[in-house]
Amino acid sequence: LNIMASETEYRSPLTSRYASKEMSYNFSDQKKFSTWRRLWLYLATAQKGLGLDITDEQLDEMRTNVDVIDFQRAASEEKRTRHDVMAHVHTFAACCPKAAAIIHLGATSCYVGDNTELIVLRDAFKILLPKLARCLDRLAKFADDYKSLPTLGYTHFQPAQLTTVGKRACLWLSDLLMDLRNLDRACNDLRFRGVKGTTGTQASFLNVFAGDHGKVEELDRLVTEMAGFSNNWSDI
(Lines give C-alpha, C1' and ligand atoms only; values in the text may rest on other atoms or scores of the structure.)
Protein backbone atom coordinates (compact mmCIF):
# COMPACT_ATOMS: atom_id res chain seq x y z
CA LEU A 1 0.00 0.00 0.00
CA ASN A 2 1.50 3.32 -1.11
CA ILE A 3 0.62 6.24 1.13
CA MET A 4 1.74 9.70 0.06
CA ALA A 5 3.25 12.04 2.66
CA SER A 6 0.43 14.50 2.02
CA GLU A 7 -2.07 11.88 3.20
CA THR A 8 -0.41 11.52 6.61
CA GLU A 9 -0.05 15.25 7.34
CA TYR A 10 -2.69 17.80 8.24
CA ARG A 11 -3.99 19.88 5.34
CA SER A 12 -6.40 22.76 5.72
CA PRO A 13 -9.59 22.39 3.65
CA LEU A 14 -9.34 26.15 3.07
CA THR A 15 -6.39 25.34 0.81
CA SER A 16 -7.19 21.90 -0.55
CA ARG A 17 -10.86 22.61 -1.36
CA TYR A 18 -11.53 26.31 -1.61
CA ALA A 19 -8.41 28.38 -2.30
CA SER A 20 -7.34 29.43 -5.78
CA LYS A 21 -3.77 28.75 -6.88
CA GLU A 22 -2.82 32.41 -6.53
CA MET A 23 -4.32 32.67 -3.03
CA SER A 24 -2.59 29.46 -1.93
CA TYR A 25 0.71 30.83 -3.21
CA ASN A 26 0.11 34.15 -1.48
CA PHE A 27 0.17 32.41 1.92
CA SER A 28 2.97 29.98 1.05
CA ASP A 29 6.46 29.77 2.53
CA GLN A 30 7.96 30.71 -0.83
CA LYS A 31 5.97 33.96 -0.87
CA LYS A 32 6.72 34.63 2.80
CA PHE A 33 10.47 34.19 2.68
CA SER A 34 10.99 35.75 -0.74
CA THR A 35 9.13 38.78 0.67
CA TRP A 36 11.59 38.83 3.59
CA ARG A 37 14.36 39.00 1.02
CA ARG A 38 12.65 41.77 -0.93
CA LEU A 39 12.31 43.75 2.30
CA TRP A 40 16.03 43.31 2.94
CA LEU A 41 16.70 44.49 -0.61
CA TYR A 42 14.44 47.54 -0.14
CA LEU A 43 16.24 48.36 3.11
CA ALA A 44 19.73 48.06 1.62
CA THR A 45 18.72 50.07 -1.46
CA ALA A 46 17.36 52.90 0.67
CA GLN A 47 20.38 52.80 2.98
CA LYS A 48 22.71 53.11 -0.02
CA GLY A 49 20.70 56.08 -1.29
CA LEU A 50 21.14 57.75 2.09
CA GLY A 51 24.90 57.41 2.06
CA LEU A 52 25.82 54.05 3.59
CA ASP A 53 28.75 52.16 2.07
CA ILE A 54 26.72 49.72 -0.02
CA THR A 55 27.61 48.89 -3.63
CA ASP A 56 25.48 48.23 -6.69
CA GLU A 57 27.21 44.86 -6.95
CA GLN A 58 25.91 43.87 -3.52
CA LEU A 59 22.38 44.98 -4.40
CA ASP A 60 22.48 43.12 -7.72
CA GLU A 61 23.57 39.97 -5.92
CA MET A 62 20.64 40.26 -3.52
CA ARG A 63 18.20 41.00 -6.33
CA THR A 64 19.33 37.97 -8.33
CA ASN A 65 18.75 35.61 -5.40
CA VAL A 66 15.46 36.92 -4.01
CA ASP A 67 13.51 33.84 -5.12
CA VAL A 68 16.34 31.29 -4.87
CA ILE A 69 15.64 29.84 -1.41
CA ASP A 70 17.33 26.73 -0.04
CA PHE A 71 14.67 25.59 2.41
CA GLN A 72 16.70 22.62 3.62
CA ARG A 73 19.59 24.89 4.51
CA ALA A 74 17.19 27.30 6.24
CA ALA A 75 15.77 24.45 8.34
CA SER A 76 19.28 23.36 9.29
CA GLU A 77 20.23 26.94 10.20
CA GLU A 78 17.10 27.34 12.32
CA LYS A 79 17.87 24.14 14.18
CA ARG A 80 21.36 25.50 14.85
CA THR A 81 20.45 29.11 15.74
CA ARG A 82 16.94 28.46 17.14
CA HIS A 83 15.85 31.65 15.38
CA ASP A 84 13.78 31.72 12.20
CA VAL A 85 14.86 35.15 10.98
CA MET A 86 18.58 34.64 11.60
CA ALA A 87 18.31 31.26 9.90
CA HIS A 88 17.09 32.99 6.75
CA VAL A 89 19.63 35.80 7.08
CA HIS A 90 22.37 33.16 7.02
CA THR A 91 20.70 31.24 4.18
CA PHE A 92 20.40 34.42 2.09
CA ALA A 93 23.99 35.38 2.91
CA ALA A 94 25.20 31.97 1.72
CA CYS A 95 24.02 32.73 -1.82
CA CYS A 96 24.93 36.43 -1.56
CA PRO A 97 28.45 36.34 -0.04
CA LYS A 98 29.33 39.85 -1.23
CA ALA A 99 26.19 41.27 0.36
CA ALA A 100 26.31 39.19 3.55
CA ALA A 101 27.44 42.09 5.74
CA ILE A 102 24.57 44.40 4.74
CA ILE A 103 21.62 41.97 4.94
CA HIS A 104 19.21 42.95 7.75
CA LEU A 105 21.46 45.91 8.65
CA GLY A 106 19.99 47.71 11.67
CA ALA A 107 16.75 45.71 11.53
CA THR A 108 14.98 43.44 13.99
CA SER A 109 12.78 40.41 13.33
CA CYS A 110 9.64 42.55 13.28
CA TYR A 111 10.90 44.43 10.25
CA VAL A 112 10.55 41.36 8.04
CA GLY A 113 7.90 39.49 10.06
CA ASP A 114 5.30 42.19 10.55
CA ASN A 115 5.80 43.96 7.23
CA THR A 116 5.55 40.68 5.34
CA GLU A 117 2.22 39.88 6.99
CA LEU A 118 0.92 43.28 5.92
CA ILE A 119 2.12 42.72 2.35
CA VAL A 120 0.49 39.28 2.26
CA LEU A 121 -2.81 40.70 3.56
CA ARG A 122 -2.74 43.53 1.01
CA ASP A 123 -2.00 41.11 -1.83
CA ALA A 124 -4.80 38.81 -0.65
CA PHE A 125 -7.24 41.72 -0.85
CA LYS A 126 -5.98 42.47 -4.37
CA ILE A 127 -6.71 38.88 -5.39
CA LEU A 128 -10.15 38.82 -3.75
CA LEU A 129 -11.58 42.23 -4.67
CA PRO A 130 -11.54 41.85 -8.49
CA LYS A 131 -13.13 38.41 -8.18
CA LEU A 132 -15.89 39.79 -5.98
CA ALA A 133 -16.43 42.65 -8.44
CA ARG A 134 -16.79 40.15 -11.31
CA CYS A 135 -19.27 38.14 -9.25
CA LEU A 136 -21.34 41.30 -8.64
CA ASP A 137 -21.29 42.17 -12.33
CA ARG A 138 -22.48 38.72 -13.37
CA LEU A 139 -25.12 38.58 -10.66
CA ALA A 140 -26.42 42.01 -11.71
CA LYS A 141 -26.84 40.74 -15.27
CA PHE A 142 -28.59 37.63 -13.94
CA ALA A 143 -30.95 39.82 -11.88
CA ASP A 144 -31.78 41.93 -14.93
CA ASP A 145 -32.33 38.88 -17.15
CA TYR A 146 -34.79 37.35 -14.68
CA LYS A 147 -36.40 40.51 -13.30
CA SER A 148 -39.81 39.47 -14.61
CA LEU A 149 -39.70 35.76 -13.83
CA PRO A 150 -42.17 35.05 -11.00
CA THR A 151 -41.25 32.88 -8.06
CA LEU A 152 -42.53 32.32 -4.54
CA GLY A 153 -40.79 34.08 -1.71
CA TYR A 154 -40.22 31.96 1.38
CA THR A 155 -40.10 32.67 5.09
CA HIS A 156 -39.29 29.97 7.65
CA PHE A 157 -39.34 27.51 4.73
CA GLN A 158 -43.00 28.30 4.02
CA PRO A 159 -44.41 30.02 0.92
CA ALA A 160 -44.98 33.69 1.62
CA GLN A 161 -45.86 35.86 -1.38
CA LEU A 162 -45.07 36.22 -5.04
CA THR A 163 -41.79 37.90 -6.01
CA THR A 164 -39.37 37.56 -8.94
CA VAL A 165 -36.07 35.75 -9.38
CA GLY A 166 -34.45 39.08 -10.25
CA LYS A 167 -35.71 40.66 -7.02
CA ARG A 168 -34.27 37.77 -4.99
CA ALA A 169 -30.93 38.15 -6.77
CA CYS A 170 -30.90 41.86 -5.86
CA LEU A 171 -31.04 40.88 -2.19
CA TRP A 172 -27.93 38.74 -2.69
CA LEU A 173 -26.31 41.66 -4.52
CA SER A 174 -27.03 43.96 -1.58
CA ASP A 175 -25.15 41.67 0.81
CA LEU A 176 -22.22 41.28 -1.57
CA LEU A 177 -21.99 45.05 -2.11
CA MET A 178 -21.65 45.52 1.63
CA ASP A 179 -18.91 42.88 1.62
CA LEU A 180 -17.14 44.71 -1.22
CA ARG A 181 -17.24 48.01 0.66
CA ASN A 182 -15.95 46.39 3.86
CA LEU A 183 -13.09 44.60 2.09
CA ASP A 184 -12.12 47.73 0.15
CA ARG A 185 -12.10 49.80 3.33
CA ALA A 186 -10.01 47.19 5.18
CA CYS A 187 -7.52 47.10 2.31
CA ASN A 188 -7.23 50.89 2.15
CA ASP A 189 -6.84 51.14 5.91
CA LEU A 190 -3.73 48.92 5.94
CA ARG A 191 -0.61 50.77 7.03
CA PHE A 192 2.94 49.56 6.56
CA ARG A 193 4.84 49.01 9.81
CA GLY A 194 7.90 50.51 8.21
CA VAL A 195 11.47 50.61 9.42
CA LYS A 196 11.09 50.14 13.16
CA GLY A 197 12.22 47.78 15.88
CA THR A 198 10.19 45.36 17.97
CA THR A 199 8.89 48.02 20.36
CA GLY A 200 8.29 50.56 17.60
CA THR A 201 11.47 52.59 18.13
CA GLN A 202 14.18 53.29 15.55
CA ALA A 203 17.18 53.37 17.90
CA SER A 204 19.20 50.81 15.92
CA PHE A 205 18.78 52.82 12.72
CA LEU A 206 19.83 55.98 14.56
CA ASN A 207 23.06 54.15 15.39
CA VAL A 208 23.50 53.12 11.75
CA PHE A 209 23.10 56.76 10.64
CA ALA A 210 25.14 58.26 13.50
CA GLY A 211 22.16 59.89 15.18
CA ASP A 212 20.77 61.58 12.05
CA HIS A 213 17.00 61.62 12.68
CA GLY A 214 16.29 63.08 9.26
CA LYS A 215 17.91 60.15 7.46
CA VAL A 216 16.06 57.62 9.61
CA GLU A 217 12.73 59.26 8.79
CA GLU A 218 13.63 59.31 5.10
CA LEU A 219 14.66 55.66 5.28
CA ASP A 220 11.23 54.82 6.69
CA ARG A 221 9.51 56.77 3.91
CA LEU A 222 11.61 55.24 1.12
CA VAL A 223 11.10 51.63 2.23
CA THR A 224 7.36 52.20 2.69
CA GLU A 225 7.18 53.52 -0.87
CA MET A 226 9.23 50.62 -2.28
CA ALA A 227 6.87 48.14 -0.60
CA GLY A 228 3.93 49.75 -2.38
CA PHE A 229 2.24 51.44 0.60
CA SER A 230 1.20 55.09 0.71
CA ASN A 231 1.57 55.45 4.48
CA ASN A 232 2.92 53.76 7.59
CA TRP A 233 2.47 53.96 11.34
CA SER A 234 4.74 57.01 11.54
CA ASP A 235 2.12 59.03 9.70
CA ILE A 236 -0.43 59.07 12.52
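Since the structure is predicted, the reported quantities are computational estimates derived from the model, not experimental observations. (Residues numbered from 1 in each chain as written. Predicted model: local features only at pLDDT ≥ 70, side-chain atom pairs only at ≥ 80, totals over all residues. Heavy atoms only, no water.)

## Notes on the overall build of the protein chain
Regarding its fold elements, the protein chain presents 10 helices and two strands. In the protein chain, the succession of α and β elements from N to C terminus is α-α-α-α-α-α-α-β-β-α-α-α. The globule rule puts the C-alpha radius of gyration for 236 residues at 18 Å, and the 24 Å found for the protein chain is more than 25% above it. Dimensions of the protein chain, computed from the C-alpha atoms along their principal axes, are close to 75 × 60 × 30 Å. Here the protein chain holds 236 residues, and the buried ones make up 36% of them. (Helix = DSSP H or I, 4+ residues; strand = E, 2+ residues; numbered from the N terminus. Rg over C-alpha atoms; globule rule 2.2 N^0.38 Å. Buried < 20%, exposed > 50% of the residue type's maximum accessible area, 1.4 Å probe, protein only.)

## Observations regarding the packing of aromatic side chains
Applying the stated criterion across every chain, the model contains six aromatic pairs. Pairing F33 with W36 gives two aromatic rings, centres 4.8 Å apart and planes at 90°, and the pair type is edge-to-face. Remark: W36 and F33 occur in helix α3 (residues 29–49); sequence separation between them is three residues, near one turn of the helix. Under the relative-accessibility criterion, F33 is labelled buried at 10%. A relative accessible area of 3% means that W36 is categorised as buried. Members of the aromatic cluster, joined through ring pairs, are F33, W36, W40, F71 and F92. It is R191 that lies over the ring of W233; its NZ or CZ is 5.7 Å from the centre. (Phe/Tyr/Trp six-rings, centres within 6.5 Å; stacked < 30°, edge-to-face > 60°. Lys NZ or Arg CZ within 6 Å of the ring centre and 35° of its normal.)

## Let's talk about a nonpolar patch on the surface
A contiguous nonpolar surface patch, about 470 Å² in accessible area, is contributed by F142, Y146, L149, L171 and W172. When you line up the elements, Y146 lands in the loop between α7 (109–145) and β1 (150–155). (Patch = residues over 30% accessible without salt bridge, like charges linked within 9 Å, V, L, I, M, F, W, Y side chains within 5 Å. Areas by Shrake-Rupley, 256 points an atom, 1.4 Å probe, with all protein chains shown as cover. Salt bridge = Lys/Arg side-chain N within 4 Å of Asp/Glu carboxyl O.)

## A closer look at the nonpolar core
Membership of the largest hydrophobic core comes to 42 residues, with the highest contact counts inside it found for W40, L43, M62, Y111, L219 and V223. Among the secondary structure elements, those contributing two or more residues to this core are α3, α4 (56–64), α6 (84–95), α7 and α10 (213–226). For this core, the leading source of residues is α3, giving eight residues. Excluding anything up to four places from it in sequence, L43 contacts H104, L105, A107, Y111, V195, F205, L219 and V223. Listed in part, the six residues of the second largest apolar core include L139, A143, A169 and L173. (Core = buried A, V, L, I, M, F, W, Y, C linked by side-chain atoms within 4.5 Å. Contact = heavy atoms within 4.5 Å.)

## A few points about unusual backbone geometry
Glycine aside, residues mostly have negative phi, and peptide bonds are mostly found in the trans state. Although it is not a glycine, R82 adopts a positive phi angle of roughly 55°. Of note, R82 is situated in the loop between α5 (71–81) and α6. Given the relative accessible area of 76%, R82 is considered exposed. Positive phi, normally seen in glycine, also occurs at A210, with a value near 50°. Mapped onto the elements of the fold, A210 is located in the loop between α9 (203–208) and α10. Classification of A210 by relative accessible area gives exposed; the value is 73%.

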